[in-house]
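For reference, the chains in residue letters:
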Amino acid sequence: MVKARKYVLRSHFSGVPKREDLEIVEEELAPLKDGEFLCEALWLSVDPYMRRYSARLSLGSTMIGGQVAKVTESKNKDYTVGDLIVASFGWRTHTISDGTGGVRKIDPSIPLSSSTGVGILGMPGATAYFGYLELCKPKAGETVVVTGAAGAVGSAVGQIAKIKGCRVV
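To keep things clear, this report deals only with the structure shown in the data block.

The rules behind these values
Residues numbered from 1 in each chain as written. Predicted model: local features only at pLDDT ≥ 70, side-chain atom pairs only at ≥ 80, totals over all residues. Heavy atoms only, no water. Helix = DSSP H or I, 4+ residues; strand = E, 2+ residues; numbered from the N terminus. Buried < 20%, exposed > 50% of the residue type's maximum accessible area, 1.4 Å probe, protein only. Contact = heavy atoms within 4.5 Å. Areas by Shrake-Rupley, 256 points an atom, 1.4 Å probe, with all protein chains shown as cover. Lys, Arg positive; Asp, Glu negative; His and termini not counted. Charge placed at Lys NZ, Arg CZ, Asp CG, Glu CD. Pairing = 2+ DSSP bridges. Core = buried A, V, L, I, M, F, W, Y, C linked by side-chain atoms within 4.5 Å.

The next thing to look at is the overall build of the protein chain. A tally of regular secondary structure across the protein chain gives three helices and nine strands. Overall size of the protein chain, expressed as C-alpha extent along the three principal axes, is 60 × 45 × 20 Å. Sorting the 169 residues of the protein chain into buried and exposed places 37% on the buried side. Sequence-distant contacts, at least 24 apart, represent 61% of the contacts inside the protein chain between residues at least 6 apart. Roughly 10,300 Å² of accessible area belongs to the protein chain as shown, and the carbon and sulfur atoms make up 56% of that amount. Seen as two clouds, the 21 positive and the 17 negative side-chain charges of the protein chain have centres 8 Å apart.

Shown next, in the form of structure tokens:
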């Protein structure tokens, strides 16, 4: 049996999150069934959107968030031991999955850190890329002001704008 540790929401954030807002809880995972795999978290996302979304969580729920995880045991033909995946499993050390619900594999031929799966090659990067290029449709020479340029999405938008020949403020 595998023991998973997870961060459970004990109280909704008021001001700066405090240690007592979350509790680490252990749970014993059931043995794998056919079609399932076990994975261990390598990287967890900590993103600004989580504060707003966590307000909708019921107390006692696992804290939301994406993660990069490594398959450690499998009874699923599509996922083998050693595969790296990105999924929205929340803040937990181990998860059993059947591969549905937005689980995607990381291409091992990409010579980058697997952490990029919750960064520039994950949700923040996709938000920057599609949000800026599809919605704003930038043209070379335009001036772009990114008010949230210190964050993961904003810093990527600034870089994309520079690549597109824009002046970034």
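Time to look at the sheet that holds strand S4 (residues 67-74). Strand order across the open sheet formed by five strands is S6-S3-S4-S5-S7, with antiparallel pairing between neighbours. Two strands lie at the open edges of the sheet, namely strand S6 (94-97) and strand S7 (104-105), each paired on one side alone. Pairing of strand S3 (residues 37-44) with S6 involves four bridges; the strand directions are antiparallel. Each residue of the ladder has a partner; that of Phe-37, found in S6, is Ser-97.

Take the nonpolar core next. Membership of the largest hydrophobic core is limited to 10 residues, which are Ala-128, Tyr-132, Leu-133, Val-144, Val-146, Ala-156, Val-157, Ile-160, Ala-161 and Cys-166. Within the residue set of this core, elements represented by two or more residues are helix H2 (123-136) and helix H3 (152-163). Counting residues per element, this core draws most heavily on H3, at four residues. Leaving out residues up to four positions away in the same chain, Val-146 has contacts with Gly-154, Val-157, Gly-158 and Val-169. Counting nine residues, the second largest nonpolar core, distinct from the first, contains Ala-69, Ile-85, Phe-89 and Val-103.

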